[in-house]
Amino acid sequence: MRDEVTERPDNTAVRCALWRAMHVRLDAAPHVLEDEVGLQLVAPAADWPLRPDMDPEATSPFRAAMVARARFIEDLVAHQVELGVTQYVILGAGLDTFAQRRPEVASRLQLFEVDQPGTQAWKHRRLVELGYGIPEWLHLVPVDFETGESWWEQLAAAGFDPRRPAVIVSTGVSMYLTEDATAATLRQIAALAPDSTFAMTFLLPAGLIDESDRSGLQASKEGAQAAGTPFVSFYAPQDMLALAREAGLKDARHVSGAVLAERYFADRTDGLHPSSGEDFLLATL
């Protein structure tokens with residue numbers, strides 16, 4: 001029997017879920033993303049808004065960045081569904097709640113959420129307890145990355161068809177991987193069926209982000225180090241594009257955080273604005 005202590009999401013996944021809920025509860029409408037399902041899953045103590053990492057002002061740019069990247073992905077997926085794509089893979093899914101919040105779109109897909117076995121077992125249990133259940137189109141794919149298990153093989157075993165187009169996304173993951181590991185993932189992505197789309201976030205080196213955001217980046221690095229999950233990779237946009245093209249992704253583009261800020265926050269009057277430092281690699285096959 002699996003040790004119950006291991007069946008839980010990591011601290012970063014929990015923090016992001018709570019930030020998304022804070023956006024709905026604290027920030028003015030219109031909300032970039034409405035997600036309180038993650039809060040339901042976590043079910044934290046009533047005083048969770050008093051956590052130091054939930055400080056309404058200090059964490060404002062980070063929760064804005066979280067909802068911006070989630071909204072960007074959801075817009076991308078919805079567009080691809082309209083074009084006829086029927087498979088969606090989330091690498092490092094954590095507490096993603098697209099399936100629960102947007103079933104009218106998600107149910108048109110075979111949706112594969114890939115993450116560590118402990119996270120998947122915990123999430124499966126919580127979804128059942130909350131009444132969401134696991135619909136036949138949602139696949140929680142456990143992959144033990146620490147033992148070198150192949151996410152590609154586990155994905156295929158769960159029913160993913162590499163011969164059909166798919167959207168594959170990876171957000172908040174690349175900073176924990178070596179460049180070699182990221183390159184290997186990109187080579188696997190390059191073998192997907194034509195008309196597939198890949199989106200991945202990456203962290204910029206400190207020298208390329210706004211000076212006002214550098215202390216936040218440093219705090220994040222120190223927190224990740226203390227948690228035993230250090231940041232190991234940062235990329236200038238041109239270096240990430242070069243890595244992608246070397247892996248065989250010929251149509252690779254850089255989408256900056258500034259583009260997301262302009263798209264989703266330009267008309268706000270409350271000053272909410274995402275931090276700089278995390279950009280997207282977007283590639284089509």
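Our subject is the structure listed above.
For the structure given in this document, a descriptive report is provided here. All values derive from a computational prediction rather than experimental measurement. (Residues numbered from 1 in each chain as written. Predicted model: local features only at pLDDT ≥ 70, side-chain atom pairs only at ≥ 80, totals over all residues. Heavy atoms only, no water.)

Here's the deal with the overall build of the chain
- Broken down by element type, the chain carries 11 helices and 7 strands.
- A compact globule built from 285 residues should have a C-alpha radius of gyration of about 19 Å, and the chain, at 18 Å, falls within 12% of that.
- Overall, the C-alpha framework of the chain stretches about 45 × 45 × 40 Å when taken along its three principal axes.
- Residue burial in the chain is summarised as follows: out of 285 residues, 51% are buried.
- Pairs at least 24 apart in sequence give 76% of the contacts found in the chain among residues at least 6 apart.
- For the chain, the accessible area works out to roughly 13,400 Å², and carbon and sulfur atoms hold 51% of it.
- For the chain, the distance from the average site of its 25 positive side-chain charges to the average site of its 41 negative ones is 2 Å. (Helix = DSSP H or I, 4+ residues; strand = E, 2+ residues; numbered from the N terminus. Rg over C-alpha atoms; globule rule 2.2 N^0.38 Å. Buried < 20%, exposed > 50% of the residue type's maximum accessible area, 1.4 Å probe, protein only. Contact = heavy atoms within 4.5 Å. Areas by Shrake-Rupley, 256 points an atom, 1.4 Å probe, with all protein chains shown as cover. Lys, Arg positive; Asp, Glu negative; His and termini not counted. Charge placed at Lys NZ, Arg CZ, Asp CG, Glu CD.)

Observations concerning the pattern of salt bridges
- Tallied over the entire structure, the rule returns 18 salt bridges.
- Here Glu36 ties to Arg25 by a salt bridge, and the two come within 2.7 Å at their closest N and O atoms. Separated by 11 residues along the polypeptide, Glu36 in the loop between helix H1 (11-26) and helix H2 (37-42) and Arg25 in helix H1 bring together distant segments of the chain.
- As a salt-bridge pair, Arg102 and Glu104 come within 2.8 Å of each other at their nearest N and O atoms.
- What makes Arg102 partly exposed here is its relative accessible area of 24%.
- The class of Glu104 is partly exposed, set by a relative accessible area of 46%.
- Taken together, the salt bridges that share partners define one network made up of Arg20, Asp35, Glu74, Arg101, Arg102 and Glu104. (Salt bridge = Lys/Arg side-chain N within 4 Å of Asp/Glu carboxyl O.)

Focus on the packing of H1 against helix H3 (residues 60-82)
- Following both chains from N to C, one finds H1 and H3 inclined at 100 degrees, their axes separated by 9 Å at the closest point. Considering their axes alone, H1 and H3 lie roughly perpendicular with respect to each other. Contact residues: Cys16, Trp19, Arg20, Met22, His23 and Leu26 in H1; Phe62, Arg63, Met66, Val67 and Arg69 in H3.
- Among the residues forming the contact of H1 with H3, the class breakdown is 7 nonpolar, 1 polar and 3 charged. (Axes fitted to C-alpha atoms, helices over the stretch in contact; angles between N-to-C directions. Parallel < 35°, antiparallel > 145°, perpendicular 65-115°, else oblique. Nonpolar A, V, L, I, M, F, W, Y, C, P; charged D, E, K, R; others polar.)

Side note on the packing of aromatic side chains
- In the structure shown here, the tally under the stated rule is 8 aromatic pairs.
- For the ring pair Trp19 and Phe62, a centre distance of 6.2 Å and an interplane angle of 20 degrees mean the geometry is stacked. With a gap of 43 residues between them, Trp19 in helix H1 and Phe62 in helix H3 connect regions that are remote in the sequence.
- With a centroid separation of 5.5 Å and 85 degrees between ring planes, the pair formed by Trp151 and Trp152 is classed as edge-to-face.
- Trp151 gets classed as buried once you look at its relative accessible area, which sits at 12%.
- Members of the aromatic cluster, each reached through a chain of ring pairs, are Phe112, Trp151, Trp152 and Phe160. (Phe/Tyr/Trp six-rings, centres within 6.5 Å; stacked < 30°, edge-to-face > 60°.)

Points about the layout of surface pockets
- In this structure, the second largest pocket occupies an estimated 160 Å³ of space.
- Together, 13 residues line the second largest pocket, and Asp210, Gly257, Ala258, Ser276 and Gly277 are the ones closest to its centre.
- Per-element accounting of the lining of the second largest pocket gives the leading share, 3 residues, to helix H11 (residues 257-265).
- In terms of residue class, the lining of the second largest pocket is built from 5 nonpolar, 6 polar and 2 charged. (1 Å grid on protein atoms, 1.4 Å probe; cavity = no way out; pocket = protein on both sides within 12 Å on 5 of 7 lines; lining within 4 Å. Points joined across faces, edges and corners; volume = space filled by probe spheres on them.)

Focus: the sheet that holds strand E6 (residues 251-255)
- Taken in spatial order, the 7 strands make up an open sheet running E3-E2-E1-E4-E5-E7-E6, and their pairing is mixed. Every interior strand has two partners, whereas the edge strands, strand E3 (138-142) and E6, have only one. Ignoring strand direction, the axes of neighbouring strands in this sheet form an average angle of 15 degrees.
- In this sheet, strand E5 (residues 197-203) lies alongside strand E4 (residues 167-170) in parallel orientation, the contact comprising 4 bridges. Its bridge partner lying in E5, Ile168 is registered against Phe198.
- Relative to E6, helix H10 (residues 237-246) is tilted by about 160 degrees, and along the sheet it contacts E5, E6 and strand E7 (278-284). (Pairing = 2+ DSSP bridges.)

Quick notes on the side chain of Thr119
- Examined against the element boundaries, Thr119 turns out to sit in helix H6 (residues 117-129).
- Discounting chain neighbours no more than four positions away, the residues touching Thr119 are Arg8, Pro9, Asp10 and Gly94.

Focus on the pairing of strand E2 (residues 110-115)
- Buried residues dominate E2, accounting for 5 of its 6 residues.
- With 5 bridges joining them, strand E1 (residues 87-91) and E2 adopt parallel strand pairing. Bridge pairing in E2 places Gln87 opposite Gln110.
- As paired strands, E2 and E3 are joined by 5 bridges and run parallel to one another. When the bridges of E3 are listed, Asp115 appears paired with Pro142.
- Once you follow E2 into H6 and on to E3, the crossover reads as right-handed. (Right-handed = clockwise from strand over helix to strand, strands pointing away.)

Considerations on H3
- Relative to the 33 Å expected for 23 residues at 1.5 Å per residue, H3 spans 33 Å between its end C-alpha atoms, a close match to the ideal helical length.
- Immediately downstream of H3, the backbone of Gly84 shows phi near 105 degrees, a positive value. (Expected span 1.5 Å × (residues − 1).)

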